[in-house]
Amino acid sequence: MIKKDHERYLTGEKMSKWVYNVEHTIQQVGGKRWPNGILVRGIYSWVGPDDILNKTKHPEAAAANQEAKEQAEQARQDSIQAAKDSVQQAKEERKDSIQQAKAEQDSIEQAIRDSIETARLDSIAERARRDSIAQATRDSLRQVWEQQQDSSGAAYTITEQQKEKFACDRFTIGLRGGASSLMQDAEKMGHWKVGWDVLLDLQYAHYWKKFGKKMQYGILVGVSAGYARSHLSNAIEGDKFTEKTVSGDINYTVKADNVKEYDGQLQLEIPIMFSMIHEKGFFMNIGPKVALPVWSQYNQTIDKPVIDAYFPDEGVTVHNAKITGQVTDEQADSDGKWKTSKLNVMLGAELGYEFTFRNKNSFGIGVFADYSLYSLYKNDPTTKSLVEITELPATNKPAVVNVLSATDSYASGMGFFDVGLKLAYHFNWWK
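Residues numbered from 1 in each chain as written. Predicted model: local features only at pLDDT ≥ 70, side-chain atom pairs only at ≥ 80, totals over all residues. Heavy atoms only, no water.

Q: Give me the lowdown on the pattern of salt bridges, citing residues and values where you can.
A: Taken as a whole, this structure holds 13 salt bridges when the rule is applied. Here Asp106 ties to Lys102 by a salt bridge, and the two come within 3.4 Å at their closest N and O atoms. A residue pair is termed a helical-turn pair when its members lie 3 or 4 positions apart in one helix, as Asp106 and Lys102 do in helix H2 (residues 65-147) at 4 residues. A salt bridge links Glu350 to Lys289; the nearest nitrogen and oxygen atoms lie 3.8 Å apart. Note that Glu350 is positioned in strand E12 (residues 344-356) and Lys289 in strand E8 (residues 282-303), a separation of 61 residues in sequence. One exposure class covers both Glu350 and Lys289, and it is buried. (Salt bridge = Lys/Arg side-chain N within 4 Å of Asp/Glu carboxyl O. Helix = DSSP H or I, 4+ residues; strand = E, 2+ residues; numbered from the N terminus. Buried < 20%, exposed > 50% of the residue type's maximum accessible area, 1.4 Å probe, protein only.)

Printed below as a string of structure tokens:
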């Protein structure tokens, strides 16, 4: 039995009342943690050797054992009943706690919903207040701009509605290029080949206030510089002519597989055009242009020329003989420059679309076309064909064959046209 004046196990825990006056069986004596300790069965806890009464040494304890057992049993039953009552009470308290927690959770959720709805209404009200302030600010800025529209210090993005009321100056830097031709006469030549050109544009335009809701009108002037090139080709199928010499007449027949002439020029263009801008970004320029060649040159080649000479007095035909002057390699490939005055008046048109940036400037892309209305483009005339036969002073010397430009004999006049793509950047000043 456990001594009544001992209250704690070796582990430090307090002993229950029911362990006293009860006989216990010793399960183990000594252990790793408590070498002198005693493990009591039923309690399964360690007590010291001085905490117990040995039955053999204390027979008086046996006498009271039965009474102690009854008291211990009663104490155990009381403890079990108390535990049951405690468990039941805990269940009831837990149920009440759950109900109370649920009520508190419902209250919190309702409060959150109320808070969200309040915040939403506040946000709508705040947004409406900011929109009202922003609109008032825009109205104020518009009024200030209208009052100070002549001031060069005003700087903010101009709306399309405001552009309707303002005049505009525009400076444009552009690059254009495409198909081009000097327009040799198709009736007198064999094959006309389209060439190419490329030009740099520097233009200025002034636009008046809009007279309608959609379009703004103005005048565009400037200067363009660039290079244009095209060529023609034709076969000679027996051109005939007669040369009178001191020895008598000579009838010539000239043949060649192909004659090619490449014409090129550096030119300046001066436009004076009517210009229109649509509020959606479309633009159109149309009007005359004056083109002035700065430098012009042609290159001509003759493939496989054959010159036959017939002498009527003798009744003899000489086939490509030296007496007629065969065409040399130098004569079959020649370069030259145009020597006469050159002027070209064209009608030009440009269509496109521009993208407006926040800095009021814009980028444009479009197509263009120019066509000659009046042209003074002509080269030195040739005589009878592409070759000119001239007899040398001595009668026993062969004739000299000169290769001239084919421009005039195979094209009565040369004009100009081109068509292609245009890119431009516009600097705008709204007044």
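Q: Explain a negative patch on the surface residue by residue, including any values.
A: A surface patch of negative charge is lined by Asp329, Glu330, Asp333 and Asp335. Counting residues per element, the ones that place at least two in the negative patch are helix H4 (329-332) and strand E11 (333-336). Within the secondary structure, Asp335 is located in strand E11. (Patch = residues over 30% accessible without salt bridge, like charges linked within 9 Å, V, L, I, M, F, W, Y side chains within 5 Å. Areas by Shrake-Rupley, 256 points an atom, 1.4 Å probe, with all protein chains shown as cover. Lys, Arg positive; Asp, Glu negative; His and termini not counted. Charge placed at Lys NZ, Arg CZ, Asp CG, Glu CD.)

Q: Any details on the nonpolar core? Residues and values, ideally.
A: Counting residues in hydrophobic clusters, the biggest one holds 14 residues, and the most contacted among them are Phe241, Ile250, Tyr252, Ala309, Phe311, Val327 and Ile389. Counting only elements with at least two residues in this core, the list comes to strand E7 (248-278), strand E9 (306-311) and strand E14 (387-390). If you look at the next biggest cluster of nonpolar residues, it comprises 10 residues, including Met15, Val19, Ile43 and Val47. (Core = buried A, V, L, I, M, F, W, Y, C linked by side-chain atoms within 4.5 Å.)

Q: Please provide a residue-by-residue account of the sheet that holds strand E2 (residues 38-40), values included.
A: The strand order E1-E2-E3 describes an open sheet built from 3 strands, whose pairing is antiparallel. Every interior strand has two partners, whereas the edge strands, strand E1 (26-29) and strand E3 (45-47), have only one. In this sheet, neighbouring strand axes are inclined to one another by 35° on average, regardless of whether the strands run parallel or antiparallel. Across 3 bridges, the pairing between E1 and E2 is antiparallel. The partner of Val29 across the bridge, within E2, is Ile38. (Pairing = 2+ DSSP bridges. Axes fitted to C-alpha atoms, helices over the stretch in contact; angles between N-to-C directions.)

Q: Residue-level account of empty space enclosed by the protein, with values.
A: The tally for this structure, following the rule as stated, stands at 1 cavity of 30 Å³ or more. As a volume, the largest cavity reaches approximately 70 Å³. Taken together, Arg170, Thr172, Gln203, Tyr207, Leu220, Ser275, Phe283, Asn285, Glu350, Lys422 and His426 form the lining of the largest cavity. Of all the secondary-structure elements, those providing two or more residues to the lining of the largest cavity are strand E4 (168-181), strand E5 (191-207), E8 and strand E16 (417-430). Looking at the lining of the largest cavity residue by residue, the classes come out as 3 nonpolar, 5 polar and 3 charged. (1 Å grid on protein atoms, 1.4 Å probe; cavity = no way out; pocket = protein on both sides within 12 Å on 5 of 7 lines; lining within 4 Å. Points joined across faces, edges and corners; volume = space filled by probe spheres on them. Nonpolar A, V, L, I, M, F, W, Y, C, P; charged D, E, K, R; others polar.)

Q: Outline the packing of aromatic side chains, supporting the account with residue identities and numerical values.
A: This structure, assessed with the given rule, holds 7 aromatic pairs. An angle of 15° between the planes, with centres 6.0 Å apart, marks the rings of Tyr217 and Phe274 as stacked. Taken together, the residues span a long stretch of sequence, with Tyr217 in strand E6 (residues 215-245) and Phe274 in strand E7 at a distance of 57 residues. The class of Phe274 is partly exposed, set by a relative accessible area of 34%. Taking 4.9 Å as the distance between ring centres and 70° as the angle between the ring planes, the aromatic pair formed by Tyr425 and Phe427 counts as edge-to-face. For Phe427, a relative accessible area of 28% puts it in the partly exposed group. An aromatic cluster of at least three residues, connected via ring pairs, comprises Phe282, Tyr353, Phe355 and Phe363. When the ring centre of Phe368 is taken as origin, the NZ or CZ atom of Arg176, which lies over that ring, is 5.0 Å away. (Phe/Tyr/Trp six-rings, centres within 6.5 Å; stacked < 30°, edge-to-face > 60°. Lys NZ or Arg CZ within 6 Å of the ring centre and 35° of its normal.)

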